[in-house]
Each structure stands twice: as C-alpha cells, then as structure tokens.
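So you can see what is in the structure, the chains are spelled out below.
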Amino acid sequence: MDERKYELIYEFVHCKGTVTHVAGIAESEAEAREWVRVQQERLRAGEKGDFKDDTFECPVTLCPLKVCLPTFGFREMR
C-alpha cells in the first residue's frame, strides 16, 4: 500500500516572484493528478474558481501580473 500523500498546490507568478499556496492533501498520486486536471479544465472553461492571492500587493498601477491566473500542481509531502 502506498503511504505517500501529496499536497495540492496552486501558484501565482508576480513581478516580485512566485507565491505558492496549499489547497489540500491527496491520498494518492492518481487523486492529485485528477485534481490538477479538473482545475485546469475549469480554468480553460472560464470559471474563476476560489483561488486568489490576497497576500501580494504590487505598488505599480498597471502591472500586467497584478491579476493573473493560477497554475496547478502537486508535490509529495515530506
């Protein structure tokens, strides 16, 4: 039995770097891959989703990275 667990993550790329958030935990790699697939499909379909980055503030008025879309992924928990 696979004892490994995976963090479901989403990231935003900003002018000052990348911010990573953990959305939850998957019990298997297959479950994590399915979560990523579903999130990417929702994004392509135009759904806004619940993913926001309220931790970052850019002082530049017209920064092109101020409002950006998240990227989704997963990583093995250590």
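A quick note: this is a predicted structure, and the numbers were derived from the prediction, not measured.

Chemist: Got a minute to help me understand the overall build of the protein in this structure?
Modeler: When its secondary structure is counted, the protein shows 1 helix and 3 strands. Reading the protein from its N terminus to its C terminus gives the helix and strand order β-β-α-β. The buried share of the protein, taken over its 78 residues, is 26%. Restricting to contacts in the protein with at least 6 residues of sequence separation, those with at least 24 account for 64%. With an accessible surface of roughly 5,800 Å², the protein has 52% of that area assigned to carbon and sulfur atoms.

Chemist: I keep staring at the packing of aromatic side chains and nothing clicks. Help me out?
Modeler: The description of an aromatic ring pair uses the distance of the two centres, along with the angle that the planes make with each other. Evaluated as defined, the whole model comprises 3 aromatic pairs. Seen in terms of ring centroids, Tyr6 and Phe74 are 5.8 Å apart; in terms of plane orientation they differ by 85°. Their pairing is edge-to-face. One end of the pair, Tyr6, is in strand β1 (residues 6-14); the other, Phe74, is in strand β3 (residues 71-76), with 68 residues separating them in the sequence. We classify Tyr6 as buried; its relative accessible area is 4%.

Chemist: I would appreciate a short explanation of helix α1 (residues 29-44) in the present structure.
Modeler: Given 3.6 residues per turn, any residue in an α-helix points the same way as the ones three and four places further on. An ideal rise of 1.5 Å per residue puts 22 Å on 16 residues; α1 measures up with 23 Å between its terminal C-alpha atoms. Buried within α1 are the following residues: Ala32, Trp35, Val36 and Gln39. Seen end-on, α1 carries its buried residues on one side only, within an arc spanning 95°. Turned more than 90 degrees away from the buried face of α1, the exposed residues are Ala30 and Arg44. In this fold, the buried residues of α1 make contact with β1, β2 (17-26) and β3. Gly46 lies just past α1 and shows a positive phi near 95°.

Chemist: For this particular structure, what's the right way to read the sheet that holds β3?
Modeler: Within a sheet, adjacent strands bond to each other through the backbone by hydrogen bonds, running parallel or antiparallel. Across the sheet, which stays open at both edges, the 3 strands sit in the order β2-β1-β3 with antiparallel pairing between neighbours. The two strands at the open ends of the sheet, each matched to only one other strand, are β2 and β3. Going from strand to strand, the sheet's axes swing by 30° on average, the running direction of each strand aside. The pairing of β1 with β3 spans 6 bridges and is antiparallel.

Calculation criteria
Residues numbered from 1 in each chain as written. Predicted model: local features only at pLDDT ≥ 70, side-chain atom pairs only at ≥ 80, totals over all residues. Heavy atoms only, no water. Helix = DSSP H or I, 4+ residues; strand = E, 2+ residues; numbered from the N terminus. Buried < 20%, exposed > 50% of the residue type's maximum accessible area, 1.4 Å probe, protein only. Contact = heavy atoms within 4.5 Å. Areas by Shrake-Rupley, 256 points an atom, 1.4 Å probe, with all protein chains shown as cover. Phe/Tyr/Trp six-rings, centres within 6.5 Å; stacked < 30°, edge-to-face > 60°. Expected span 1.5 Å × (residues − 1). Arc of directions from axis to C-beta. Pairing = 2+ DSSP bridges. Axes fitted to C-alpha atoms, helices over the stretch in contact; angles between N-to-C directions.

Take it as geometry only, folks, not as evidence of what the structure does.
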